[in-house]
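What follows is each chain in one-letter form.
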Amino acid sequence: MNESIVIRTRGLTRYFGAKPAVSDLNLEVPRGCVFAYLGRNGSGKTTTIRMLLGLLSPTRGEGSIFGKDIRALSPEVRARIGYLTEEHQLYPWMTVRQCGEFQAPFYPRWNDKVFRSVIGHFNLKPTARVKDLSRGERAGLCLGLTLAPEPELLVLDDPAMGLDPVAHRSLIESMIYLTRRSDRTIFFSSHELADVERVADYIAILDHSVLRVCCSLETFRNSVRQVRLRFPGAPPPTPKISGLLQAFRAEGELRLVCAHYDGATEQALRALGPAQLEPVPLSLEDAFISYLGERGEKSFILSETEAQP
Amino acid sequence: MKALIQKELRENLKLAVLGLFIFALILTLFVLNHVQMMKSLAAGGPPQGYFMQPLASPGFWSMTGFFCAIYAAVLGWFQIHNERHRDLWAFLVHRPATRTEIFLGKTIAGLILYTLAFFLPLTGFIIWARVPGQVAAPFEWIMLRPVAMHFLAGIIYYFAGMLTGLRQARWYASRALGLGGALIVSMSLVNEPHLWQALGIMLIGGVSLATAAWGGFHSQGGYQGQPAPGKLALISTLGLASLVVAFFAALLLAAALVPRNTDPWSQHQMTKDGTIYRVTQWFGKPAEIVDLDGKPLLDPKTGRMTELTGFTRRLCNHAQVSPDFSNHPSRPRWYDQSFNRFTLWRTTPDTFWYYWTPYGRLVGYDKTTRRFIGNLGPDGFSTDLSPAGARFNNERNERVLGRIIIDEQTVYELDLEHRAIRALFTVTNENCEATLHPTNANTFRGTIGAVREVSFNSYDWDYTMVVTRCFIYLLTPEGKTVWKVPYQPAYPDYKQVQIAFLEPTNRFALWLFPAGRALEKSGWKLPAHVTWLDRDGEALKSVDLPNLPHRLKRPRPEEKIISLAIPPAIIVTLPLLGDEAWPAAIPWWLMPYSLAAALVCIPMGWWLGWRYSFSLRAQLGWAVFYLAWGIPGLLAFLCVQEWPAREVCPGCKKLRVVDREKCPHCGADFAPPEKTGTEVFEPLAAVK
């Protein structure tokens, strides 16, 4: 059995009523990577994760984890997968210790040292009740419960959602520190691009339920470019070029963000006769926002009437 | 699984304590009520039948039934509701355990809590009732059989509650229909003649609901994605519940559409002077009273038709019995058997006396000490109670004031104040077997088929009426025969015997009515016989009364409407659940309506299946189900199915369901999402 691909989906689709939440998802997640799964709210990230873990049945298509059909994951396969839910829900009446005691008997590879280490990192008292924990502390406890079984695949659904910056940093640090193992794969969804930039090897971006990007971080960064074209007067109409994400028109300036910026794109832009054509660097966050932001042209040229004092 | 059971026990402990408290409170109210009643009795108040033994009181059983059903359903629902948050559910099910193990873990814990909440207070209640000096009434463990059955039925409600928590459906649609299934099971089990039938129904219902709940764990409460047994169980559960819904909808429809019954109904009645009149009544109209020649009875003062109220005052006194020579006269259903174990027979200033059926003897309790004082049988008073002693055979005694009691041949007068008994009348030298139906092993070997104390004012003892195989006797309270007449025509076609006491006194009329089944079997043609007797029982004249018009023309419009909601399978199988004593059947003449409704459901369901591209196998399977289960079947189908969206196929331009890989019309694949030119893909490799 070839397990170099840990997660694989083919045409995975899920509808809620008449609306597709995930459309024709074809995805492969290689073993040992940190894979960031990105997209705006409602783009289908959580739906994908829930389908992958057999918590939601796909409308059509198929998927596998460790080569096993996601519709019928066996307890043995589940033991190899750690899952951290986005709202870090636990039984409120349990204490931190009871959470560990409840979880441990199910996992043959439960590592109590890891559990204690994580809850120690978050300064959690074993006798504290879940209902009395802050959101960040609960996230830490969930992380401990997810990591202690020594899973080969970690699926984290927006693990830092709703955490304050300190708790957030603490969670990400623990994650990086405790999960970096060559054979461990991490699949996480997030809105925090700084985290993605720090930890991800690969990213995938869902846009309105459709997978549009699946590549390394570097490739994405190189693919999404911004150029500024300066013109002596009003800029000409925006040309039709492949991969155009956004265009900003201002007095004497046209700024374009494109995916797949290459020689052909540059040649098409130079044909507009700009006085100057210069690349403008984009951070990953900018690239991501441009990618997922509203497509098309935005004009900042005021009309003559509006320009009158 | 141990960890899961422990977690469930801890998580739902509060609910168990609450249930225990509520049930303990209910039982405490019963205790207080009993204590109050005993005080009232000591002060000379009237006794209250079955409530004398709280463990055998139908009120206690009903309350237990309600508690078990409601509490178990709430517990089952809560165990799911606690984890209904999407992430908490994911935390529960995403672990190295099968869904079956998770289901079992929850169920075992839930049933432990249910059992504790039920049995702890019940045990206390039983201990209280069994302490000598608390309850002055007979007790047998069999009296607790209904309680045990209610407890078991609660388990069905538990799974129904669990299923309600799991089901992915709207409340107003079908979410709570599992509870409807449980309701049907518990209603039918108290109505079954035999205990084994009740247990069978409970087993089938319980397994079905448990399997439906188990299936729900596999599919997060949906229908799709369940294992086949789960789907089948869900369909049968919702099918049963849909039957309740369809039945009540049909009742409402019938009430709204069918006008009030205006058909007349008639009966023969006899006045004090021995004249028979036919009284015909209609809803909303004055009664018509005519003699056997059809002449109206006119009021001599007004010359108008006599009104019913005035006529009623002119009717004679009468007493009626229904002799029974079968081996099990009036055999009660299993449920009723448990409280028919004893009858409060009479009270004296110091004692309570009960007829205790299994012993066939009267047992007495002291009012003050509430302790057993002894028993009275045909062989007299004894302080030991043994099932082997001489027995009364009181099933044929239509008791009025409890002054007489019988065995197979003899009528006794009771003197409970002195704990004594006296033979009043013994049947001897009767031989008329030829006039009776053939005897067999199931035929009662005794002689007396019915006896009744006759009291015109509910206090005095005017006569005693005895019906044997051969004769009908009228006795004085002292046991002297006033008259005896042959019992002709005899049992079993004529199972109702009535004596009318005419004025001036010492004139009588003997009515023999045909039994309901014999009458129906004869096509409503068996006449009632009336014989006028003088003081010695000599027949003065007799008449066969003309048949009264059969009241109901069947099927009535409301029956037709209601039968539309009854599945043909029920009409076919219901007779299997009854027996000779308790026939359970829906008339066959309702079958065409039931079948017609089922046949209409087939194209409707087929069209829906076609619209959503069901396979031929599935279509045929559902069609058979509609045929068997009719309109409730179609309702169940609508409840369980999850209807996928439909989109236009780019290949054939027809609407196709989105949950198939290929178009069912043209076989085309789904088109991949449209490219925008902004896609960035590259082959990914494992990170070393």
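Not measured: the values here are computed from a predicted model.

J.: So what about the sheet that holds strand β1 (residues 265–270) of chain B? Which residues, and what values?
T.: Residues and elements named next belong to chain B. Spatially, β1-β2-β3 is the arrangement adopted by the three strands of the open sheet, whose pairing is antiparallel. Lying at the two open borders of the sheet, with one neighbouring strand each, are β1 and β3 (285–291). When strand polarity is set aside, the average angle formed by the axes of neighbouring strands in this sheet is 25°. In terms of strand pairing, strand β2 (residues 276–282) meets β3 through five bridges, oriented antiparallel. Residue pairing in the sheet places Arg 278 in a bridge with Val 290 of β3.

J.: Give a description of helix α4 (residues 86–93) of chain B that names residues and reports values.
T.: Every buried residue of α4 of chain B is listed here: Asp 87, Ala 90 and Phe 91 of chain B. Seen along its axis, α4 of chain B keeps its buried residues to an arc of 100°; they face one direction. At its buried positions, α4 of chain B is contacted by β6 (81–84) of chain A.

J.: Give a detailed account of the interface of chain B and chain A, specifying residues and quantitative values.
T.: Interfaces are often described in size by the accessible area the parts lose on coming together. If you look at the interface, chain B gives 38 residues, while chain A gives 47 residues. When residues of the side of chain B that touches chain A are traced back to their parent elements, those giving at least two are α1 (2–11), α4 and β24 (680–681) of chain B. Take the side of chain B that touches chain A: its biggest share by element is five residues, from α4 of chain B. Its residues assigned to classes, the side of chain B that touches chain A comprises 19 nonpolar, eight polar and 11 charged. With two bridges joining them, strand β10 (residues 210–216) of chain A and β24 of chain B adopt parallel strand pairing. Bridge pairing in β24 of chain B places Val 213 of chain A opposite Val 680 of chain B.

J.: Which residues make up unusual backbone geometry, and what values go with them?
T.: Cis rather than trans, the peptide bond between Tyr 491 of chain B and Pro 492 of chain B has omega equal to 10°. The topology assignment puts Pro 492 of chain B in the loop between β17 (481–486) and β18 (496–502). Looking along the chain, the bond that leaves Glu 503 of chain B and enters Pro 504 of chain B is cis, with omega of 0°. Mapped onto the secondary structure, Pro 504 of chain B falls in the loop between β18 and β19 (507–513). Residues other than glycine seldom take positive phi values, yet Asp 24 of chain A does so here, at roughly 45°. Position of Asp 24 of chain A among the secondary structure elements: in strand β2 (residues 19–30).

J.: Please set out the domain arrangement of chain A residue by residue, giving values where relevant.
T.: Residue and element names in this part refer to chain A. For chain A, the assigned domains are domain 1 (5–208) and domain 2 (221–307). Each side of the interface is counted separately: domain 1 has seven residues, and domain 2 has five residues. The set of elements that each furnish at least two residues to the side of domain 1 that touches domain 2 consists of α7 (193–199) and β9 (202–207). By residue number, the principal contributor to the side of domain 1 that touches domain 2 is α7, which donates three residues.

J.: Residues and numbers for the sheet that holds strand β12 (residues 410–415) of chain B, please.
T.: Within a sheet, adjacent strands bond to each other through the backbone by hydrogen bonds, running parallel or antiparallel. All names here are of chain B. Pairing in this open sheet of three strands is antiparallel, and the strands run β11-β12-β13 from one edge to the other. Looking at the sheet topology across the chains shown, the edges are occupied by β11 (404–406) and β13 (420–426). Ignoring strand direction, the axes of neighbouring strands in this sheet form an average angle of 35°. Pairing geometry for β11 and β12, over three bridges, is antiparallel. Paired with Ile 406 across the bridge in β12 is Val 411.

J.: Outline the pairing of strand β6 (residues 351–356) of chain B, supporting the account with residue identities and numerical values.
T.: Residues and elements named next belong to chain B. Within β6, five of the six residues are buried, which leaves it mostly tucked inside the rest of the structure. By the bridge criterion, five bridges tie strand β5 (residues 342–347) to β6 in an arrangement that is antiparallel. Within β6, the residue paired with Thr 347 across the bridge is Phe 352. Taking the residues between adjacent antiparallel strands as the criterion, β5 and β6 are bridged by three residues. As paired elements, β6 and strand β7 (residues 361–366) share six bridges and run antiparallel to each other. Within β7, the residue paired with Trp 356 across the bridge is Arg 361. Here β6 folds back onto β7 in antiparallel fashion, the turn holding four residues, of which Gly 360 has a positive phi close to 65°.

Parameters and conventions
- Each residue is numbered by its place in its chain's sequence as written, counting from 1.
- Lettering of chains starts at A and numbering of ligands starts at 1, both following the order in which they are written.
- Totals for whole chains, interfaces and linings use every residue, but because this is a predicted model, local features are given only for residues with pLDDT of at least 70 and side-chain atom pairs only at 80 or more, for both listing and counting.
- The pairing criterion is simple: DSSP has to find at least two bridges between the two strands.
- Secondary structure is summarised from DSSP: a helix means a run of H or I of at least four residues, a strand means a run of E of at least two, and numbering begins at the N terminus for each.
- What counts as an axis is a line fitted to C-alpha atoms, over the stretch in contact for a helix, and the angles between N-to-C directions run from 0 to 180 degrees.
- With C-beta atoms placed from the backbone, a residue is buried if 20 or more other C-beta atoms are within 10 Å of its own, exposed if 12 or fewer are, and partly exposed between those counts.
- Working definition: the arc comes from the directions between the helix axis and the C-beta atoms, pointing outward to the latter.
- We call two residues in contact whenever the C-beta atoms placed from their backbones are within 7 Å.
- Three residue categories are used. Nonpolar comprises Ala, Val, Leu, Ile, Met, Phe, Trp, Tyr, Cys and Pro, charged comprises Asp, Glu, Lys and Arg, and polar comprises the others, including Gly.
- The start and end points of each domain follow an automatic or database-based domain assignment.

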